[in-house]
Amino acid sequence: MDIVEGEAAGGAGTRVVPAGEWEREPHPSDSLRTFGAFVQALREHAGLSRVDLGARVQYSKHTVESVELGRRMPDEAFVERAEEALGNTGALRKAARHLARGEAGLAAWFRRWARLEREAVSLCTYECRLVPGLLQSEAYARAVFEGTIPVRTDEELEVQLAVRMERQAVMRERPKVPFSFIVEEHVFRRRFGDAEAMRGLVDHVLELTAPRNVTLQVVPLEAGLHACLDGPVQVLETPEGRRLGYSEGQKNGRLISDSKEVSVLCQRYETLRSQALNPTESRDLLERLRGEL
């Protein structure tokens, strides 16, 4: 499942990662830890709490904490605002140039797919269980992780949440890459939190799918049986023109490289496109669902 980010390991062909491997989480990179310690030292020197700095950089206390502990890659906006709030010496800007993304929060079976995702020239996602990770609001992602079994510690939860939000940067940073999402209507109807949290989710999805390179199609409840009933699937194209697929189940993931198998997945996805609502109708449906909350 996409509840904990995971990846199928291995080379050519496909392989299901053994169930026990999913717990082997990598640690944050040294550069992230060093940058975070630097931010914390400057914040404490300035006499600011994490809440105070969060207010100045327009991020939550949890985000500030995650950056300081090396669990989250700070985006450009965070670096610039923190620079201004903590003396404007240029030190944070220079330090940020040396940051390297770690893979904290990524389960073993998803790591390779996550790397492929960052380089893909197109990405197609079908989901029938939950809102795709690339479209989840922070509140929704937190609720998903809080419901995960086995129960995570608070620190593990924050790491996974930070990585989930960090993954979404790929959509902002690559405006020329086509992103296609097909999601079942019942996924957006499944309640979590209060009405405000639900509205926040819908607003977040509408915002992320507004750019011209992003397409969202909803499969309405009345659509009936369709071509992708075998479960959720993702398909991407690499810069070399190769198509790869990915599917997940209980505590495992599968990277699909066999060309014939990937071709079948693409045919199913394209068939489902014609059975789902078009992008305009899909946005109208989400706005109606929001209005019902």
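So, a few notes on the structure that sits alongside this text. Since the model is a prediction, treat every value here as computed from it, not as a measurement. (Residues numbered from 1 in each chain as written. Predicted model: local features only at pLDDT ≥ 70, side-chain atom pairs only at ≥ 80, totals over all residues. Heavy atoms only, no water.)

Secondary structure summary: the protein contains 13 helices and six strands in total. Counting across all 293 residues of the protein, residues that qualify as buried make up 49%. For the protein, the share of sequence-separated contacts (at least 6 apart) that also reach a separation of at least 24 residues comes to 76%. Looking at the protein as shown, the accessible area adds up to about 14100 Å², and 50% of this sits on carbon and sulfur atoms. (Helix = DSSP H or I, 4+ residues; strand = E, 2+ residues; numbered from the N terminus. Buried < 20%, exposed > 50% of the residue type's maximum accessible area, 1.4 Å probe, protein only. Contact = heavy atoms within 4.5 Å. Areas by Shrake-Rupley, 256 points an atom, 1.4 Å probe, with all protein chains shown as cover.)

Turning our eyes to something else, we now look at helix 3 (residues 61-68). Taken as a whole, helix 3 has its buried residues at Thr63, Val64, Ser66, Val67 and Glu68. Phi for Gly70, located one or two positions after helix 3, is positive at around 75 degrees.

Let's shift gears to the pattern of salt bridges. Enumeration according to the criterion identifies 14 salt bridges in this entry. A salt bridge links Glu68 to Arg43; the nearest nitrogen and oxygen atoms lie 2.5 Å apart. Here the residue Glu68 occupies a position in helix 3, and Arg43 occupies one in helix 1 (residues 30-45), the gap between them amounting to 25 residues. No difference in accessibility class separates Glu68 from Arg43, as the two residues are buried. (Salt bridge = Lys/Arg side-chain N within 4 Å of Asp/Glu carboxyl O.)

Quick look at the sheet that holds strand 5 (residues 243-249) now. Strand order in the open sheet formed by six strands is 3-2-1-4-5-6, with mixed pairing between adjacent strands. The sheet terminates laterally at strand 3 (214-219) and strand 6 (252-256), the two strands that pair on one side only. Taking each pair of neighbouring strands and ignoring which way they run, the sheet shows an average axis angle of 10 degrees. Judged from the five bridges that link them, strand 1 (residues 122-127) and strand 4 (residues 233-237) form a sheet pairing that is antiparallel. Paired with Tyr126 across the strands is Val233, a residue of strand 4. (Pairing = 2+ DSSP bridges. Axes fitted to C-alpha atoms, helices over the stretch in contact; angles between N-to-C directions.)

What follows concerns the environment of Met165. With respect to the helices and strands, Met165 occurs in helix 8 (residues 154-167). We classify Met165 as buried; its relative accessible area is 9%. Along the chain, Met165 and Gln136 lie 29 residues apart, while their C-alpha atoms are 8.0 Å from each other.

Put simply, helix 7 (residues 138-146) and helix 8 touch, their axes get as near as 10 Å, and they point 140 degrees apart. With respect to each other, helix 7 and helix 8 are oriented oblique. Where helix 7 crosses over helix 8, the handedness of that crossing is right-handed. In this structure, helix 7 uses Glu138, Ala141, Arg142, Phe145 and Glu146 to contact helix 8, whose residues at the interface are Leu157, Glu158, Gln160, Leu161, Arg164 and Met165. Partitioning the contact of helix 7 with helix 8 into residue classes produces five nonpolar, one polar and five charged. (Parallel < 35°, antiparallel > 145°, perpendicular 65-115°, else oblique. Left-handed = near helix turned anticlockwise from the far one by under 90°. Nonpolar A, V, L, I, M, F, W, Y, C, P; charged D, E, K, R; others polar.)

Most of strand 2 (residues 179-184) is tucked away, with six of its six residues classed as buried. Alternating positions in strand 2 separate into two faces, Phe179, Phe181 and Val183 on one and Ser180, Ile182 and Glu184 on the other, with burial throughout.

With that out of the way, let us pick up the pairing of strand 4. The element strand 4 is largely enclosed, with a buried count of four among its five residues. The sheet contact formed by strand 4 and strand 5 spans four bridges and is antiparallel. Note on strand 5: the bridge partner recorded for Glu237 is Arg243.

For the rest of this paragraph, the subject is the packing of aromatic side chains. Two aromatic rings, taken as a pair, are described by how far apart their centres are and by the angle between their planes. Summed over the entire model, instances satisfying the criterion amount to three aromatic pairs. Ring centres of Trp113 and Tyr246 lie 5.3 Å apart, and the angle between their planes is 20 degrees; this geometry places the pair in the stacked category. In this pair, Trp113 sits in helix 6 (residues 111-119) while Tyr246 sits in strand 5, placing the two residues 133 residues apart along the sequence. Among the residues examined, Trp113 registers a relative accessible area of 0% and is labelled buried. Pairing Tyr140 with Phe192 gives two aromatic rings, centres 5.1 Å apart and planes at 85 degrees, and the pair type is edge-to-face. In this pair, Tyr140 is assigned in helix 7 and Phe192 in the loop between helix 10 (185-189) and helix 11 (195-208), connecting sequence segments 52 residues apart. Pair check on accessibility: Tyr140 and Phe192 agree, each one buried. (Phe/Tyr/Trp six-rings, centres within 6.5 Å; stacked < 30°, edge-to-face > 60°.)

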